[in-house]
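Here's the letter readout for the chains.
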Amino acid sequence: MADRQVCLSGTGLTKVFGFGRQKTVAVDHVDFKFYESEVVSIVGESGSGKTTLAKMLLGLLTPTEGEIYFQGQKRDISTQRKRKEYWKNIQAIFQDPFSSYNIFNKIDAVLLDCIYMRGGRRLPQAQKVALMTEACGFVNLKFEELTNKYPFELSGGQMQRLMIARIFLLKPKILIADEPTSMIDACSRATILDMLMQLRDEIGMTLIFITHDIGLAYYVSDSVYIMERGKIVEHGSADEVILNPKEAYTRRLISDVPKIYEEWDLSTV
Amino acid sequence: MKHTLHQIFHSGKFVLGFCIFIVILLIVMVYPVLFPYPPLAIIGQGTFFAPGIYVNAYDSVHAPKYTLNLEDAAAKRIASRLSEDDRVAMQEWLVGYGIPQGEIDINDTAQLLGLWNTHYDPKAQIPGLTNAKRNYYIRLDTALEGLLATEDAVIAVKNPETGALEAQGTIAQSDYVNVGQVANVRFLPLGTDNFGRDILTQLVAATRVSLQIGFVAGIIATLIGLTLGLLAGYIGGLVDDVIMFITNLFTVIPSFVLLILISFSIGQERRGAVTVAIVIGFTSWVWTTRAVRAQVVSLRNRDHVNLSKLSGHSIVHIILNDILPYIASYVVMALILQISSGILSEAGLSILGLGPRTTEVPTLGLMMNWAMIYQAYVLGKWWAYLPVLITIALITFSMNLMNTGLDQVFNPALRD
Amino acid sequence: MGKILLDVRDLSTKYVTRFQENVYAVDHVSLQVEEGKALGIAGESGCGKSTLALSLMGYYFPPLHYISGDIIVDGRNISRMDPDDVRRLILGREIAYIPQAAMNALNPTQKVISFIEDVIRVHDLGSSKREIYERARILFQTLGLPENVLQKYPVELSGGMKQRTVIAVAVLLSPKVLIADEPSSALDVTSQKMVIKMLMRLMEDGLVRSLIFITHELPLLYNVTDDIMVMYAGQIVEKGTAKEVVFDPLHPYAKGLMGSIIVPEEGVRGVKLTAIPGAPPNLKNPPSGCRFADRCKYVQPACRVTAVNLRELPNGRAYRCIFSEEELREAYRNG
Ligand SMILES: Nc1ncnc2c1ncn2[C@@H]1O[C@H](COP(=O)(O)OP(=O)(O)OP(=O)(O)O)[C@@H](O)[C@H]1O
Ligand SMILES: Nc1ncnc2c1ncn2[C@@H]1O[C@H](COP(=O)(O)OP(=O)(O)OP(=O)(O)O)[C@@H](O)[C@H]1O
Ligand code: SF4
Ligand SMILES: [Mg+2]
Ligand SMILES: [Mg+2]
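A. Structural detail: helix α3 (residues 112–123) of chain C. Residues and elements named next belong to chain C. Between its terminal C-alpha atoms α3 stretches 18 Å, which fits the 16 Å expected from 12 residues at 1.5 Å a residue. All buried positions along α3 are accounted for by Val112, Ile113, Ser114, Ile116, Glu117, Ile120 and His123. Turning to α3, the residues buried within the fold contact α2 (83–90), α4 (129–142) and α5 (159–170).

B. Molecular detail of the layout of surface pockets. Residues and elements named next belong to chain C. The volume enclosed by the second largest pocket comes to roughly 410 Å³. As for the second largest pocket, its lining consists of 17 residues, of which Gln32, Glu34, Asp227, Lys239 and Gly316 are closest to the centre. Partitioning the lining of the second largest pocket into residue classes produces 6 nonpolar, 5 polar and 6 charged.

C. Region of interest: the coordination of the magnesium ion (ligand 4). All names here are of chain A. Each protein donor to the magnesium ion (ligand 4) is listed here as Thr51 (OG1) and Gln95 (OE1); together their distances run 1.7 to 2.4 Å. Of this pair, Thr51 sits in helix α1 (residues 50–58) while Gln95 sits in the loop between β6 (90–93) and α3 (107–117), and the two are 44 residues apart along the sequence. Using a relative accessible area of 23% as the deciding quantity, one classes Thr51 as partly exposed. For Gln95, a relative accessible area of 30% puts it in the partly exposed group.

D. The sheet that holds β6(A), seen in detail. Residues and elements named next belong to chain A. Reading across the sheet, the 6 strands line up as β6-β7-β8-β3-β9-β10 and stay open at both edges, with mixed pairing between neighbours. Taken across any chain shown, the strands that pair with only one partner, and hence form the sheet edges, are β6 and β10 (231–237). Across the sheet, the mean angle separating the axes of adjacent strands is 15 degrees when strand polarity is ignored. Of the pairings in the sheet, the one linking β6 to strand β7 (residues 174–178) comprises 4 bridges and is parallel in character. Looking at the pairing, Ile90 lines up with Ile174 of β7. Sheet strands touched by helix α10 (residues 248–256): β3 (39–44), β9 (223–228) and β10. Its angle to β9, the strand with the most contacts, is close to 100 degrees.

E. Just the site of ligand 1, in detail. Residue and element names in this part refer to chain A. All residues adjacent to ligand 1 are Phe17, Thr24, Ala26, Glu45, Ser46, Gly47, Ser48, Gly49, Lys50, Thr51, Thr52 and Gln95. Note that an oxygen atom of ligand 1 is positioned 3.0 Å from one of the backbone N or O atoms of Gly49. A distance of 2.4 Å separates an oxygen atom of ligand 1 from a polar atom in the side chain of Thr51. Expressed as a share of its isolated accessible area of 640 Å², the protein-covered part of ligand 1 is 64%. Put simply, the parts of the chain that give the shell around ligand 1 at least two residues each are β2 (24–35) and α1. Here the shell around ligand 1 takes 3 residues from α1, the largest share from any one element. Class assignment for the residues of the shell around ligand 1 results in 2 nonpolar, 8 polar and 2 charged.

Criteria and cut-off values
- Residues numbered from 1 in each chain as written.
- Chains lettered and ligands numbered in written order.
- Predicted model: local features only at pLDDT ≥ 70, side-chain atom pairs only at ≥ 80, totals over all residues.
- Heavy atoms only, no water.
- Helix = DSSP H or I, 4+ residues; strand = E, 2+ residues; numbered from the N terminus.
- Expected span 1.5 Å × (residues − 1).
- Buried < 20%, exposed > 50% of the residue type's maximum accessible area, 1.4 Å probe, protein only.
- Contact = heavy atoms within 4.5 Å.
- 1 Å grid on protein atoms, 1.4 Å probe; cavity = no way out; pocket = protein on both sides within 12 Å on 5 of 7 lines; lining within 4 Å.
- Points joined across faces, edges and corners; volume = space filled by probe spheres on them.
- Nonpolar A, V, L, I, M, F, W, Y, C, P; charged D, E, K, R; others polar.
- Donors = N, O, S within 2.8 Å, 3.2 Å for Na, K, Ca; no water.
- Pairing = 2+ DSSP bridges.
- Axes fitted to C-alpha atoms, helices over the stretch in contact; angles between N-to-C directions.
- Near = heavy atom within 4 Å.
- Polar contact = N/O pair within 3.5 Å; in protein donor to acceptor, adjacent residues only side chain to side chain.
- Areas by Shrake-Rupley, 256 points an atom, 1.4 Å probe, with all protein chains shown as cover.

As far as function goes, none of this settles anything; it's purely spatial.
This is the structure:
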């Protein structure tokens, strides 16, 4: 697989919050290489620094230490223009759909922003609506039902799916999805995963899944990174990591997933 | 939005506060239209006329007369000139003079007066009679003159040539005039102040000016506080440090002291109502800044702000669109508090004699100041200060009520 | 059979939107919760699970409105009670509710203990600070939560700890029924396990006498609850014991749910999950026939004609489909 292009990589990436006694090393000297059109999962328990890592990749947090390389070059997002350009390439689905929306704006505004970002400001209204309807259709939502509503009038799952609909409009090169299906039922989850995979195949998008659900990671990804307390403790292809875990931590993550066919051992926590 | 408004107007506290405030506002707006008196015109010669209806005596004489045969007229007339206390005092004097108590019936006016007229002698030595008491009896004696008379009063006019009095008409004891037909009647519900100015008119004007000062001061303070708070909270880093340094500086100096110093240095001459409002505004933004900043700091890491960034929006757009609406309710509450504290600050300054200069407009604080300087409290002229106090209290009370009402709606944890 | 603590009969509620439209989010739902039992509610997002949970408490405020039905809590009908009485007498004491995303709704400027003080003061004013602290401390101890959590601010707690704190606060007044709406969906697997363990413990220790657990994760429900109820578009479409619903689902939607479970086991990768295309119907004017008809593989013309009734089987199971048990099983065998 050496011929694949590295799309996003980082060396020694570190983020420290606070100082003195309240110092938290959220991400601790992390190295990674994400290839083009690859599906990567970053798996770890809560507080292991997954979201912090994602925010650094997105340019929403400045790393304390370390470098990020985008398409082979050192990432430069020093001005608003460069940032805007960067964000055309990399987009995100945030962890908590309830806090991802500006509750004072109607839902249409979120989708319109995406169309504008792709230079569609001058499109006729009918075409904008068509685009938005199509994007909602991808995630099993009906645009006619959502238009003119406020975010708090949707259910958690509907909010999360709408976030994914954004991505269908933006078609970025890299998508960081932070627990994108935590509030979605299994059936729709399957549909949405299918859709995301389809989108990846169509436009060669790199998909970075952030999840604590190792089952989901195993199901979707090509390679898996396991994070524990800010460090990457194990990484490799999905089969390698999940079927033959080397770290005790990884084994624990696997055992904590609720099972149906096997006994789910509650005594281990 | 509609739901929130619905909730707000279902909060009893808010509605009560709002109603009080609206009533005050309506009075302030409607009163000058109905009664366009100049608020600072000196109408009374003399100080602190009590509240009441003032009927012009000269005009009453000339007004058409109507005879009303009312039984108790004479009794009321006597009562108004000879009170129960006076009767007891007269009895005391007579007893002191040597008349046995049993012979005096203080309820029989004719008998009492008869005894008094035969025996009273201002020079008589009564044991235990103080000088003040002696003077009181002399005054009482004059007042009693003609009390039982039933004759008409004669109105006479001085002949400009001869200087002799010429009878023009008579007024019988049962003559009445209709107040509506008297040319000059002035109702002074709150009397006049030490300068002889109509207090109600003045109070209404003062309330308006004080509200204006409060609004201007509140809006200035809120605007400054909001802007600095937003910048410090959202941009962070150096901007935050600088703004917080200035804010902390202002926090350690009590703002009222600062207010006094600035007002003093501006000088009496240049201190108009607007200037005072601006000065108050510029010294009271500090806590709005702190409060807004704290809110913004907790908002700026929210994902909806991140999403807005990822959508390529500028800082200004994010602040206006993604931050401001979230703290709007908070800012409204801060504004209300700032307005009411602006009004109180003005009152405080004016009581110290550092308020707006006195010749143009009254303010609530100035009215308090005048009442204080002219010792209305000591003299018991309650109408000069009590209405002002009540007005100040009502305004701040209504605003604080609105504020707690809003707080309960916006801050569900406080809802009981 | 144990005592029935919560008996809901034909409950219907609706949202009235800003445009005065009615969204019928809970449509003739009946359910019983026995003492000592846990009931799971599963279903697609937007099917009305959270709304059902809210409606169960009998505490309605706009935009949610009561339409019809009875809610009987331990023998007392609360469906037509005055909202103020419900809040004072029922919430927290009889029924406690942990809303979806409750842990993120904690006031960030308030310490956990002062939050607890607020909660207790709403119900009985008498307690002093000390008493409340003591009570909270004992509760935290029994639940295996560290005592120092009481003195912390929500931001200082991890997600799992926050959620367990919220649960602990919810059971302060030892409610008879605890409704937990997606209590673990936002947590990682390890914290999720801890939350589940805590909920089980609450039941064992009798701090709550029965549990209603809402989630869309079937494996979780299977491990936690005794009975499972599957909702679709505001209605119950399947009801049965956990084992029956998971291993022998009758309704086509429940079957689909089962087919899309992901577990980290070999052979899962690349296997096509049962995705059900399409979206659930609009709850403003739901179709008159079967609400699942547009997405159902086995749809018949008859499905769309009249409302499909819930079939109650003698063994306590129920499902909402025109086909008989045998016909459905046959259809599933043939794929
Ligand atoms: N803004 C911040 N200030 C201080 N500490 C922070 C901040 N954001 C995150 N942290 C800390 O950094 C650590 C990593 O947090 P992060 O949110 O990245 O974890 P996560 O892996 O995404 O967890 P989860 O699965 O709960 O989302 C945590 O200990 C958290 O408390
Ligand atoms: N305030 C509201 N006004 C109008 N409709 C609403 C409101 N809240 C929810 N709804 C609608 O009611 C239906 C049920 O929503 P509910 O939140 O109960 O779903 P849910 O099953 O809990 O979903 P999730 O699993 O995503 O939380 C949805 O179709 C939703 O759009
Ligand atoms: S009634 Fe018909 S459409 Fe509905 S679930 Fe059964 S088979 Fe499918
Ligand atoms: Mg995270
Ligand atoms: Mg819900």
